[in-house]
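Structure at a glance
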Amino acid sequence: MLLGASLVGVLLFSKLVLKLPWTQVGFSLLFLYLGSGGWRFIRVFIKTIRRDIFGGLVLLKVKAKVRQCLRERRTVPILFASTVRRHPDKTALIFEGTDTHWTFRQLDEYSSSVANFLQARGLASGDVAAIFMENRNEFVGLWLGMAKLGVEAALINTNLRRDALLHCLTTSRARALVFGSEMASAICEIHASLDPSLSLFCSGSWEPNAVPTSTEHLDPLLEDAPKHLPSCPDKGFTDKLFYIYTSGTTGLPKAAIVVHSRYYRMAALVYYGFRMRPNDIIYDCLPLYHSAGNSRAVTQPPAPARSPGTPPLSGRAILPPPGNIVGIGQCLLHGMTVVIRKKFSASRFWDDCIKYKCTIVQYIGELCRYLLNQPPREAENQHQVRMALGNGLRQSIWTNFSSRFHIPQVAEFYGATECNCSLGNFDSQVGACGFNSRILSFVYPIRLVRVNEDTMELIRGPDGICIPCQPGEPGQLVGRIIQKDPLRRFDGYLNQGANNKKIAKDVFKKGDQAYLTGDVLVMDELGYLYFRDRTGDTFRWKGENVSTTEVEGTLSRLLDMADVAVYGVEVPGTEGRAGMAAVASPTGNCDLERFAQDLEKELPLYARPIFLRILPELHKTGTYKLQKTELRKEGFDPAIVKDPLFYLDARKGRYVPLDQEAYSRIQAGEEKL
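Just so we're clear, the structure is a prediction, and the values are computed from it rather than from any experiment.

**Here we look at the side chain of E602**
With respect to the element layout, E602 can be found in helix α16 (residues 592–602). With sequence-adjacent residues up to four places away left out, E602 is seen in contact with R161, R162, T554, R557 and L558.

Written as structure tokens, this is what we have:
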């Protein structure tokens, strides 16, 4: 009786709500039933039907709202204006650093003054302006004001310096740069190389001698600017909103394009999928220059083989959005209050949540571990937090984190700034980053496809189509590209040449295109998805994406063009992978003290190699690519590696020999890295 009712229910849902043909629904159910082992499919059906119907309804709701916005040419500023009209005097943003509260009206007026000021300075719709500052309310007001004018904001990672920073400013073709006073020294370092026509504005404390001579103090200029809404530009729902820079897998940072529809879609899916409420207060201590506060990841050893239906170990999670989209997006689009913190503080985290009565906290995997490493405090039991929202929470600490801090809902999700296949773990399945229906998998066109895990080359069948993975079989996550559909489109990067590496053809069927995430996941029998690994020449350390190609180029230049291979190695008790560099030096001589000093000027802290290996030469492939597989496997164990090894001593600020005693201290977590 129950099975019959469930089957009727899913048939009616598929026919009436999803508007699928009877034949497609019937044949799909029959095929799945027969192909998945009969009664096993019935078990899957019963266990997942409620989850799948809820997920389908969320998708339909967001899709309907997206179509309405597309039809009416709504943009993020237009949607924000309706939020302001609903509750102008409600608190929109709180900056913990100065305890500054902005209402929605104040945020609206500040952003309008930004738009009017830039318009008076000659910027117009389609121009680009860069923002380079740490978290605070003004960060949100600046890019929102630019959007009101149709100016596209380039959000620059505050860790970048010199070549990488100059690259971002140059490739964005920004006409203006707004930087926080705390970033003045970084701008001074590259000032001589900047385009003389680039207008410079400093926000924050004003010290004329600490900024380039051509810089203007922005704050008093905005106070004098008109507060009314400027003339609205001719912008649509699929036009560019801003750029977020991602290291990607190779080379210097790439500017990922975020259009208005993508901003809305990512924020709305999280809002409805995780059942958020307009009166929720979000605590956001993640960098706002990323879509997710930070697209962060957690690295774990490869998952062991398992039988279908057994939940795999959680691996890496990269996702797009908590911060500037999933977090701030709830403020702009749904009227929530967001508490912004300059930087994460494990010791102040729960005190802040109590002070501001936060109900939702944003996390990355590293953040959760830091909180668990804190000694127990009474504040852990006094907060009102009901949901932790983010990505990269390791399965090994998931339950401990939830139970110790009394958080009933862990809202883990997956995505990337530029991807079209976001996932959500709507029912808090431990370790999963999301799910895809086993019953109606064609409703959401994503798939795990077989790949060669060493080369990440797609494995295709005799017909040339990619081979889908079975439960328990690792594969790369891909999402079908449908440019006419705002939920499925791929907007790519500002550099069009970078797009080709992320698109594959003939994936689901002949003639189609799909976005390649570069992530290896595993699906269990119920359709829950778990991370296995992240591919490409990149690794994560201190919550940041590290491009091995970029670091290799910098190190090679500092070492007189020596061959250098950079890769990530696992260190017990730490999240991500620590950077290690193998340097070819036939003589074995290297001035490591000067090298460490040069690195401080050239690379952000998270990108500097923790370990060094000096060897006579580096082996290369027939196409002159460095062979890193064996280097990565050997790691930094002196018992295995016979070449000279060194590690970066955090207290001394220089590289020191890595012997067996130092190795044991690192393994035991006694050496700070």
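**What about the packing of helix α13 (residues 365–373) against helix α14 (residues 395–404)?**
For any two helices packed against each other, the geometry is given by the interaxial angle and the distance between the axes. The N-to-C vectors of α13 and α14 enclose an angle of 60°; their axes lie 10 Å apart at closest approach. As far as their axial angle goes, α14 and α13 are oblique. Helix-helix and strand crossings are classified by hand; for α13 and α14 the assignment is left-handed. Contacts between α13 and α14 pair C368, R369, L371 and L372 from the former with I397, N400, F401 and R404 from the latter. Split into classes, the residues belonging to the contact of α13 with α14 amount to five nonpolar, one polar and two charged.

**Digging into the environment of F508**
Residue placement: F508 occurs in the loop between β19 (503–505) and β20 (513–523). Using a relative accessible area of 12% as the deciding quantity, one classes F508 as buried. Spatially, the C-alpha atoms of F508 and I465 are 6.5 Å apart, while their sequence positions differ by 43 residues. Beyond its immediate chain neighbours, meaning those up to four positions away, F508 contacts P445, I446, R447, I465, V478, G479, R480 and A514.

**Some details on the sheet that holds strand β3 (residues 128–132)**
Reading across from one edge, β7-β6-β5-β3-β4-β8-β9 is the order of the seven strands in this open sheet, with mixed pairing throughout. Each having just a single partner strand, β7 (216–217) and β9 (254–259) make up the two edges of the open sheet. Inspection of the sheet shows strand β6 (residues 199–203) paired to β7 by two bridges, in the parallel sense. Of the residues in β7, the one forming a bridge with F201 is E216. Sheet strands in contact with helix α6 (residues 137–149) are β3, β4 (152–155), β5 (176–180) and β8 (240–246), and its direction is about 175° off that of β3.

**Looking at the side chain of R404**
Tracing the sequence through the fold places R404 in helix α14. Those residues in contact with R404, other than ones at most four positions away along the chain, are L371, L372, Q374, P375, P376, E380 and N381.

**Quick notes on the pattern of salt bridges**
Should the charged atoms of two oppositely charged side chains come close, the side chains can pair. Scanning the model with the defined rule gives 35 salt bridges in all. In this structure, R73 and D234 form a salt bridge, with 3.3 Å as the shortest nitrogen-oxygen distance. Taken together, the positions of R73 in the loop between α3 (39–71) and α4 (76–86) and D234 in the loop between α9 (218–224) and β8 put the pair 161 residues apart, joining distant regions of the chain. Given a relative accessible area of 41%, R73 falls into the partly exposed group. Across the pair E152 and K235 runs a salt bridge whose closest N-O atoms are separated by 3.4 Å. Pair noted here: E152 is in strand β4 and K235 is in the loop between α9 and β8, with a separation of 83 residues, a long-range link. Judged by its relative accessible area of 6%, E152 falls in the buried class. Exposure remark for K235: the relative accessible area of 14% places this residue in the buried category. Because the salt bridges share partners, they merge into one network encompassing E96, R341, R348, D351, D352 and R377.

**Overview of α16**
Within α16, burial applies to L592, F595, A596, D598, L599 and E602. The buried residues of α16 all sit within an arc of 165° when viewed along its axis, so they share a single face. Buried residues along α16 sit in contact with α7 (162–172), α15 (548–558), β26 (611–615), β27 (645–649) and β28 (654–657).

**Some words on the pairing of strand β12 (residues 360–364)**
The buried count for β12 comes to five of five residues, which makes it a mostly enclosed element. On β12, burial covers both faces: I360, Q362 and I364 on one face and V361 and Y363 on the other are all buried. Judged from the two bridges that link them, strand β10 (residues 281–284) and β12 form a sheet pairing that is parallel. Bridge pairing links I282 to I360 in β12. In terms of strand pairing, β12 meets strand β13 (residues 387–391) through five bridges, oriented parallel. In the sheet register, I360 faces β13, and the bridge partner there is M387. Handedness of the crossover joining β12 and β13 through α13: right-handed.

Conventions used here
- Residues numbered from 1 in each chain as written.
- Predicted model: local features only at pLDDT ≥ 70, side-chain atom pairs only at ≥ 80, totals over all residues.
- Heavy atoms only, no water.
- Helix = DSSP H or I, 4+ residues; strand = E, 2+ residues; numbered from the N terminus.
- Contact = heavy atoms within 4.5 Å.
- Axes fitted to C-alpha atoms, helices over the stretch in contact; angles between N-to-C directions.
- Parallel < 35°, antiparallel > 145°, perpendicular 65-115°, else oblique.
- Left-handed = near helix turned anticlockwise from the far one by under 90°.
- Nonpolar A, V, L, I, M, F, W, Y, C, P; charged D, E, K, R; others polar.
- Buried < 20%, exposed > 50% of the residue type's maximum accessible area, 1.4 Å probe, protein only.
- Pairing = 2+ DSSP bridges.
- Salt bridge = Lys/Arg side-chain N within 4 Å of Asp/Glu carboxyl O.
- Arc of directions from axis to C-beta.
- Right-handed = clockwise from strand over helix to strand, strands pointing away.

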